[in-house]
Amino acid sequence: MRLLLLMMTVLLSHPSWAMKRETAYTGAVQWTEFRQYVLHQQQEDERTGVAYMISGAVAAIGGTIAYQQSEEVFSRTIFAITSNLGLAAIGLGATYYWTGNELDSFYYAIEGSSLSLAERNEVLQRFLYKQQEEKRKAKWIRVATHALLAAANIYGATQEENKEISSVFYFLGGANTVLALTYTF
C-alpha cells in the first residue's frame, strides 16, 4: 500500500502536470504569415480539446464503472486514479478548446488595433524576441527542476529500506536525470 501511495503522489505531483502548454511560432516575422499560423493553431487547439474531452469522458466513465464492479483494493485504487485522470483530461480539453494558446491574446490585441502592417510587423518582432528569451529561461528552470527531482529521488532510494519503493525512487531518479539532460539540448 505504501508503494501505491508513493506512486500516486509522484504521478500527481510531477511538475509536468503544472507546465503550461507552449506554442512556438518560428516563421517569418511577417504579420500575414503569423496570422495564418495563429488561425491554423486555433483549429488544432479545438480538435485537440475535443479529443481530450472525449477520451477523458471515456476514462472517467469507464474508471467509475470498473471501480464500482471491482472488489480488490488495488484494482479499485487504479480505477479511481483512472477516473480522476479522465476528469483532469476533460478540464485540459476544455482549456484547449475554449482558451486556445498563449499566442491568441497577443494576436487578437494586435489584429483589432489600428496599427499599420509595418507597425504590426515591428510589434510582432519585439514580441517574438521577448517570447524566445522567456522560453530559454523556462528551459533552464526545467533542467534545474528535473535535476533536483533526480537528486531527491536517488537520495530517497539510498535511504529507503523497502526494495520495491527503493526501485521506484531509482527509476524516478533516472527518468528525471534523462529529462534534465534532454532539456539541455
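Treat the numbers as computed from the prediction; the structure is a model and nothing was measured.

Colleague: Honestly, the packing of aromatic side chains in this entry has me stumped. Any pointers?
Modeller: To describe a pair of aromatic rings, you give the distance between the ring centres and the angle between the ring planes. One pass over the structure, following the stated rule, counts 10 aromatic pairs. For the pair Tyr 25 and Phe 34, a centre-to-centre distance of 5.2 Å together with 85° between the ring planes defines the contact as edge-to-face. Pairing Tyr 97 with Trp 98 gives two aromatic rings, centres 4.8 Å apart and planes at 80°, and the pair type is edge-to-face. For Trp 98, a relative accessible area of 62% gives the class exposed. The structure contains a cluster of three or more aromatic residues connected by ring pairs, namely Tyr 25, Trp 31, Phe 34, Tyr 37, Phe 106, Tyr 107, Tyr 108 and Phe 127. The lysine or arginine in question, Arg 76, covers the ring of Tyr 67, its NZ or CZ lying 3.9 Å from the ring centre.

Colleague: I tried to follow the nonpolar core on my own but got confused; where do I start?
Modeller: A general feature of soluble globular proteins is that nonpolar side chains tend to end up buried together. Counting 10 residues, the largest nonpolar core is built from Tyr 25, Trp 31, Phe 34, Val 38, Leu 103, Phe 106, Tyr 107, Ile 110, Leu 124 and Leu 128. Of all elements in the fold, only helix 2 (31-69), helix 4 (102-111) and helix 5 (117-159) reach the threshold of two or more residues within this core. Take this core: its biggest share by element is 4 residues, from helix 4. Tyr 25 has contacts with Gln 30, Glu 33, Phe 34, Tyr 37, Leu 103 and Leu 128, leaving out every residue within four places of it along the chain.

Calculation criteria
Residues numbered from 1 in each chain as written. Predicted model: local features only at pLDDT ≥ 70, side-chain atom pairs only at ≥ 80, totals over all residues. Heavy atoms only, no water. Phe/Tyr/Trp six-rings, centres within 6.5 Å; stacked < 30°, edge-to-face > 60°. Buried < 20%, exposed > 50% of the residue type's maximum accessible area, 1.4 Å probe, protein only. Lys NZ or Arg CZ within 6 Å of the ring centre and 35° of its normal. Core = buried A, V, L, I, M, F, W, Y, C linked by side-chain atoms within 4.5 Å. Helix = DSSP H or I, 4+ residues; strand = E, 2+ residues; numbered from the N terminus. Contact = heavy atoms within 4.5 Å.

Just distances and angles here, no functional claims.
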